[in-house]
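Fold and geometry: a report
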Amino acid sequence: MKLTTKSVISVVVAFAGIFFVLIWFCGEVFRAVLPDGGMWMLWQEYLWDIAAMAIGSLFLVGFAAAAVMYRFVVRPLGKLSLALRKMREGNLDEEIRYSSSDEIGELAVSLEKMRLVLKTSISQTIRSRDEALQSEMRAKKQIKDIERLNELMVDRELRMVELKKRIEECEVRDGRRE
């Protein structure tokens, strides 16, 4: 059940209860104050007409109260709900605007501040993630360079060992080595 319907029903029921108590009380007062039957009979004759007009008036007051509540409560809350739904879907670019100084206005200001904080926080998180990824890429490149240098150095060492063996073989063949 929507907020407007709940508010109309509660307002109408409250007014109807108050109205019937007032009619009963007025009837008892008239019965006590007016001992002659003329005025009492007049009151009883028009009682249901007065009651019907009062109930009609209560419904009008209820609908007027519902219209006012819709204008000043339900519609702004609907706009805030829509803005929150957009935020939940990830759209943090749309501003939350409500120009009132009541509680709903304070709620809108708080939600706008929350939106800005979330947007800033997400931007900083993305920036940090990008920086971390760039650092990781640089580190991987440096590791590859070090591995390549290591391979070159190992290859150089193996060549040096091989060359030393060949030099020794040549020296032994030439008789230079003793």
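Up top is the structure.
In this report, we go over the structure that sits alongside the text. Bear in mind the structure is a predicted one, so any value in this text is a computation, not a measurement. (Residues numbered from 1 in each chain as written. Predicted model: local features only at pLDDT ≥ 70, side-chain atom pairs only at ≥ 80, totals over all residues. Heavy atoms only, no water.)

Here we take up the overall build of the protein chain. A count of helical and extended segments in the protein chain gives three helices and zero strands. What you see in the protein chain, going N to C, is helices and strands ordered as α-α-α. Put simply, the protein chain has 178 residues, and 15% of those count as buried. Intrachain contacts of the protein chain at a sequence separation of at least 6 include 59% that bridge at least 24 residues. Carbon and sulfur atoms make up 63% of the accessible area of the protein chain, which totals about 14,600 Å². (Helix = DSSP H or I, 4+ residues; strand = E, 2+ residues; numbered from the N terminus. Buried < 20%, exposed > 50% of the residue type's maximum accessible area, 1.4 Å probe, protein only. Contact = heavy atoms within 4.5 Å. Areas by Shrake-Rupley, 256 points an atom, 1.4 Å probe, with all protein chains shown as cover.)

Time to look at the packing of aromatic side chains. Summed over all chains, the structure comprises zero aromatic pairs. Note that Arg71 overlies the ring of Phe72, its terminal NZ or CZ placed 5.2 Å from the centroid. (Phe/Tyr/Trp six-rings, centres within 6.5 Å; stacked < 30°, edge-to-face > 60°. Lys NZ or Arg CZ within 6 Å of the ring centre and 35° of its normal.)

So, on to the side chain of Glu112. Note on placement: Glu112 falls in helix α3 (residues 103-174). Side-chain polar atoms of Glu112 contact the side chain of Arg115, separated by 2.6 Å. Among all residues touching Glu112, those that are not within four sequence positions of it are Glu95 and Ile96. (Polar contact = N/O pair within 3.5 Å; in protein donor to acceptor, adjacent residues only side chain to side chain.)

A few words now on the nonpolar core. Counting residues in each nonpolar core, the largest one holds eight residues, listed as Leu80, Ala83, Met87, Leu92, Ile96, Ile104, Ala108 and Leu111. Every element with two or more residues in this core is listed here: α2 (37-88) and α3. Those residues within four positions of Leu80 in sequence are excluded, and the remaining contacts are Ile96, Ile104, Leu107, Ala108 and Leu111. Counting five residues, the second-largest nonpolar core is a separate cluster that includes Phe19, Ala51, Ala54 and Leu58. (Core = buried A, V, L, I, M, F, W, Y, C linked by side-chain atoms within 4.5 Å.)

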